Each structure stands twice: as structure tokens, then as C-alpha cells.
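# Reading the structure
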Amino acid sequence: MPLGTLDRTAPPLFNQGQSALSKLIFFGALSLFLMVADARFHLVQPLRAAVGAVLYPVQWLALKPVQMVMGGSRYFEDLQTAQRNEDEARKALMLQAERASQADTLAQDNARLRALLELRETTQAPGRAAEVLYDAADPYTRKIVIDQGLTQGVAAGSPVIDAHGVLGQVTQVQPFTSEVTLVIDRDLSIPVQNTRTGVRSVAFGDASAHGGGLELRFMAANADLQEGDLLSTSGVDGVYPPGLPVAKIERIERRADSAFARIYCVPLAHVTAARYVLVLAPTGAPSAPPPAAPAAAVRKKPEARPAGKADKAADKADNKKAAERAR
């Protein structure tokens with residue numbers, strides 16, 4: 001066979017095509033183009049949605065065994081937790097029943113003592129339940145927003161409490177929502193009273209560096225205060241009803257270079273985890289006017305006056321006749 005007739009091309013098995021570098025550059029550029037196009041124009045979003053819809057049954061079947069195992073273990077854990085919570089609730093109910101009976105006795109004794117001392121009865125402020133919607137957007141304040149506003153009768157300055165103590169005060173009222181400033185806010189102060197000694201003071205918010213407590217200011221270094229003392233509202237401000245728990249004294253710092261002590265307190269209310277609250281009416285709010293007298297009673301009064309005058313005139317006439325007869 002002549003040499004010119006030989007096929008010098010490589011067999012198809014060894015035909016490599018384009019070089020590896022050119023393929024890397026091409027596919028890398030294609031990948032960058034697709035990523036930029038998907039990020040800017042969302043070109044792959046329909047394809048991704050279609051693939052997700054097709055693969056959803058497969059994912060559902062694959063996750064079922066895992067969910068069954070996790071659900072079984074969680075069921076037994078929840079069962080044990082429920083039994084433990086039931087036992088704790090029964091014990092708490094027994095304690096509450098005992099305290100309720102003691103509270104009734106104390107209330108009766110208090111009523112007798114007030115009657116003996118001729119003191120006026122402390123009126124209980126009406127309240128309205130509300131739910132916390134969200135925290136205020138300002139990161140430098142400690143405020144929350146509740147789902148009660150002007151249409152529900154909430155007024156600015158109303159005290160807000162939860163199941164454990166005073167939570168704050170309504171500072172801004174909208175038609176359907178209200179803004180509540182928490183007791184740990186630096187701009188809020190509450191007149192308080194030490195339940196152990198009866199000493200009055202004022203608690204200011206934002207005591208710690210991170211703003212999570214209260215502080216009693218302008219208290220003498222030798223004041224009769226102890227760690228663990230309970231502070232309640234004194235009621236002298238005309239806003240908070242007296243006797244509401246506010247905080248407990250956590251730490252007392254007495255320094256030789258200052259005439260005042262630094263007293264740090266912990267709020268009793270769940271200021272960072274409250275879900276449902278109670279909005280009270282301020283104690284200084286004007287009371288409702290007395291009901292008007294019935295129209296029938298109003299009509300009877302003017303009719304009674306002429307009758308009295310006629311009786312007096314008749315008595316005078318009788319007296320004159322008796323005097324004439326005596327003459």
C-alpha cells in the first residue's frame with residue numbers, strides 16, 4: 001500500500017475535541033452568566049419551582065420515617081412533661097386555695113379595722129385585658145405595643161400589669177393600639193413603698209448597663225433596706241393603685257464617699273416575655289357622674305311644697321279663731 005493512501009487522523013476513540021482549558025473557561029463563564037441572570041432577572045425561578053413541585057412527593061416520603069421516629073420520642077417526652085405539669089398544677093392549686101382562704105380572712109379583718117378607724121375604702125381600679133402585639137421599633141427604648149386603643153377606652157397614663165406585677169404605663173394611644181413604656185425604660189419612674197418597713201421611694205428604670213432592671217435613687221446609705229425586700233406601688237401619684245408588686249431589691253452598694261446608696265432592683269413582671277396584660281384605669285381618673293333622679297321623683301317635689309304651705313296657712317287660721325273665741 002502506498003504511503004500516501006494511509007489515514008493519518010486519530011481514531012474516534014482517541015478524539016479529545018476541545019482542550020480542557022477551553023472547556024473550563026466556557027463552562028465557568030456560563031455558570032457566572034446563569035448566576036448573575038438568576039440573581040437579577042430570576043430566570044431559573046420557574047425551573048426551580050417546577051423541580052421542587054416534582055420532587056415534593058419524594059421528599060415527603062423520605063421524611064415520613066424520620067418524622068415518625070421523632071414524633072414517637074416527642075410523644076413520650078410530652079406525656080411525661082404533661083404528667084409532671086399536672087402534678088405541679090395540683091400542688092399550686094392547693095397552695096392557692098389555702099392562700100385564698102387566708103386572703104378572705106384578711107380582707108374581712110381589713111374591712112373591720114377600716115370601719116373601726118373610719119377610713120375610706122380603697123377602690124379597685126377596673127381593668128381591660130390586652131395582648132402584646134410586638135416590641136417598639138426604637139432600639140433605644142423599652143416599649144411594647146398592645147391591641148387595645150381609644151376605641152376600647154384605653155387612656156394615656158393607664159398602668160399596665162401582668163400576672164406577676166407592674167409591667168409599665170400607657171404613654172401613647174392610637175385608635176386601635178397603644179404603646180406601653182416598660183418599667184425598665186430609663187424615662188419611666190414609679191413611686192414605690194417597701195412592704196417590710198413602709199419607707200417610700202421612687203424606682204427608676206434602666207439600672208444596669210444593659211438596661212434590664214430598676215434603681216432606687218436618693219436613698220440614704222444608712223436606710224433600713226435589705227436584699228430581697230419587696231417593693232410595691234405606694235399610690236401617692238394618683239396613677240398606680242396601691243399595693244401592686246413592682247420589684248425586689250437585688251443588690252445594695254453602700255460607699256463611704258457618697259451619702260446615698262446604690263440600690264439595684266429586679267422587676268417582678270415578665271418585661272421581656274409578657275404575652276397577655278391587664279390595662280387598669282388610673283386611680284386619679286374622674287369617676288362617672290351619679291345617675292340622674294327619675295322624672296317622677298322630680299315632678300313630685302314641686303307638688304309637695306304647696307301642700308306644706310297650705311298646712312301652715314290652715315294652722316295660722318285655726319290659731320286666730322282660737323284666740324278670738326278666748327276673747
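Residues numbered from 1 in each chain as written. Predicted model: local features only at pLDDT ≥ 70, side-chain atom pairs only at ≥ 80, totals over all residues. Heavy atoms only, no water.

### A look at empty space enclosed by the protein
Here is the rule we go by: Every definition here rests on a 1 Å grid over the protein atoms only: cavities are sets of points where a 1.4 Å probe fits but cannot get out, pockets are open sets enclosed by protein on both sides within 12 Å along at least five of seven lines, and lining residues have some atom within 4 Å of a point. Grid points are joined across faces, edges and corners, and a volume is the space filled by probe spheres set on the points. Helix and strand assignments come from DSSP, with helices taken as H or I runs of at least 4 residues and strands as E runs of at least 2, each series counted from the N terminus.
The final tally for this structure, using the stated rule, is one cavity of 30 Å³ or more. Of the volumes computed, that of the largest cavity is approximately 40 Å³. Taken together, Val192, Gln193, Asn194, Val199, Arg200, Ser201, Leu216, Met219, Leu225 and Leu231 make up the full set of residues lining the largest cavity. Broken down by secondary-structure element, the contributors of at least two residues to the lining of the largest cavity are strand S6 (189–194), strand S7 (200–205) and strand S8 (214–220).

### Describing the sheet that holds S7
We count it as follows: When DSSP locates at least two bridges between a pair of strands, those strands are taken to pair. Simply put, an axis is a line fit to the C-alpha atoms, just over the touching stretch for a helix, and the angle between two N-to-C directions goes from 0 to 180 degrees.
Read around the closed barrel, six strands run S6-S7-S8-S11-S10-S9, paired in antiparallel fashion. For this sheet, the mean inter-axis angle between neighbouring strands, taken without regard to orientation, is 40°. For S8 and strand S11 (residues 260–267), the ladder comprises five bridges, and the chain directions are antiparallel. Its bridge partner lying in S11, Met219 is registered against Ala261.

### Things to note about the pairing of strand S12 (residues 276–280)
Here strand S1 (residues 127–135) pairs with S12 via five bridges, running antiparallel. Pairing of Ala130 across the sheet is with Val277, part of S12. Across two bridges, the pairing between strand S3 (residues 159–161) and S12 is antiparallel. Within the sheet, the bridge partner assigned to Val160 lies in S12 and is Val279.

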